[in-house]
Amino acid sequence: MADAAEAAGIRTQVGFNYLCNPMLRLARDMIAAGELGEIRGYRGLHAEDYMADPNGPWTFRHDPAGGGALADIGSHALATAEYLLGPITSVMGDCVTLIGHRPDGQGGIRAVQVDDVGRAFLRFANGAQGSVEGNWIATGRKMQHDFEVYGSKGALAFSQERFNELHFYATADAPGRRGFRRIEAAPDHEPYGRFCVAPGHQIGFNDLKAIEVAGYVRAIAGLEPEPFNFRKGLGIQTLVETIHASSRAGGWLEVPA
């Protein structure tokens, strides 16, 4: 699909709309500007509980052709990691199935072959290291798409469940005054101001979709690059498959170019 679209000169889009959050853009800009110093660690997590009930039915998400927690929601954690820190070059995965059978919806039971939890250690091209987890049996979690970035000069912490906030720790703060400060989304953080003229009033998930679609429309018009095209989507799928292969092999694997 990526090859065909590029050969035809067609603009494409894959729905990684979490990356359209102004707070993620701010985090990336802070990292790129060196405000955190040398990046020493990264932790990413996308955890929900929509598969936590063992009596929940087998669905298309359990199809080995493309299912599993790592592919379904861990893909967003991987996309966020690369958005913030750049390409991931090698991985060591651990993908486990904890609910081995589910009702098939027709009175029978069907085996589950995909992962309920997919974890991976990561090495980035810029020398940073970290980890991600995709987990769809995380009891009580509804949208824990979180990340933490640790640097020599500071740190960032973010949670999608409060996605109008970014928390920043700076080692330059005076002793006795150090701690994570909350940065609230505001019109200063483009394109927040297109939705609300006042800080702290907050934008929502549907606004992220509007930002995503607007970016794609601008790409179609030739005004800017595609926000997240088929080629980038293929890159995330390659990461998922490499993590699965690493889990089976029990060791580090290089991510194919």
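The structure we're discussing is the one just above.
Summarised in this report is the structure supplied together with it. (Residues numbered from 1 in each chain as written. Predicted model: local features only at pLDDT ≥ 70, side-chain atom pairs only at ≥ 80, totals over all residues. Heavy atoms only, no water.)

## Focus: the packing of helix α3 (residues 69-85) against helix α5 (residues 230-249)
- At a closest axis distance of 9 Å, the pairing of α3 and α5 adopts a crossing angle of 115°. Regarding the angle of α3 to α5, the classification is roughly perpendicular. Taken as a pair, α3 and α5 cross one another with a handedness that is right-handed. Facing Leu70, Ala71, Ser75, Leu78, Ala79 and Glu82 of α3, the residues of α5 in contact are Ile236, Leu239, Val240, Ile243 and His244. (Axes fitted to C-alpha atoms, helices over the stretch in contact; angles between N-to-C directions. Helix = DSSP H or I, 4+ residues; strand = E, 2+ residues; numbered from the N terminus. Parallel < 35°, antiparallel > 145°, perpendicular 65-115°, else oblique. Left-handed = near helix turned anticlockwise from the far one by under 90°. Contact = heavy atoms within 4.5 Å.)

## Remarks on the pairing of strand β5 (residues 117-124)
- Sheet analysis places strand β2 (residues 88-96) next to β5, joined by eight bridges and oriented antiparallel. Along β5, the bridge assignment pairs Asp94 with Arg119.
- Two elements, β5 and strand β6 (residues 129-135), share seven bridges in a ladder whose sense is antiparallel. When the bridges of β6 are listed, Gly118 appears paired with Gly134.
- Hairpin geometry of β5 and β6 is characterised by an intervening segment of four residues between the two adjacent antiparallel strands and by a positive phi of about 95° at Gly127. (Pairing = 2+ DSSP bridges.)

## Thoughts on unusual backbone geometry
- The residue after Glu190, namely Pro191, is reached through a cis peptide bond having omega 0°.
- One can find Pro191 in the loop between β10 (181-184) and α4 (205-220).
- Even without glycine at this site, Gln202 takes up a positive phi of about 80°.
- Here Gln202 is to be found in the loop between β10 and α4.
- According to the relative accessible area criterion, Gln202 is partly exposed, its value standing at 46%. (Buried < 20%, exposed > 50% of the residue type's maximum accessible area, 1.4 Å probe, protein only.)

## Overview of the packing of helix α2 (residues 22-32) against α3
- Where α2 contacts α3, the two axes come as close as 8 Å, and the packing angle between them is 40°. The orientation of α2 relative to α3 falls into the category oblique. Facing Leu24, Arg25, Ala27, Arg28 and Ile31 of α2, the residues of α3 in contact are Thr80, Tyr83, Leu84 and Leu85.
- Residues of the contact of α2 with α3, tallied by class, amount to six nonpolar, one polar and two charged. (Nonpolar A, V, L, I, M, F, W, Y, C, P; charged D, E, K, R; others polar.)

## A look at α2
- Three or more residues of α2 are buried, namely Pro22, Met23, Leu24, Leu26, Ala27, Met30 and Ile31.
- Its side-chain oxygen at 2.9 Å from the backbone nitrogen of Met23, Asn21 defines the N-terminal cap of α2.
- Just downstream of α2 lies Gly34, where phi reads positive at about 85°. (Polar contact = N/O pair within 3.5 Å; in protein donor to acceptor, adjacent residues only side chain to side chain.)

## A closer look at α3
- In this model, α3 (17 residues) spans 23 Å end to end at C-alpha, consistent with the 24 Å of a helix rising 1.5 Å per residue.
- Of the residues flanking the end of α3, it is Gly86, one or two places downstream, whose phi is positive at about 95°. (Expected span 1.5 Å × (residues − 1).)

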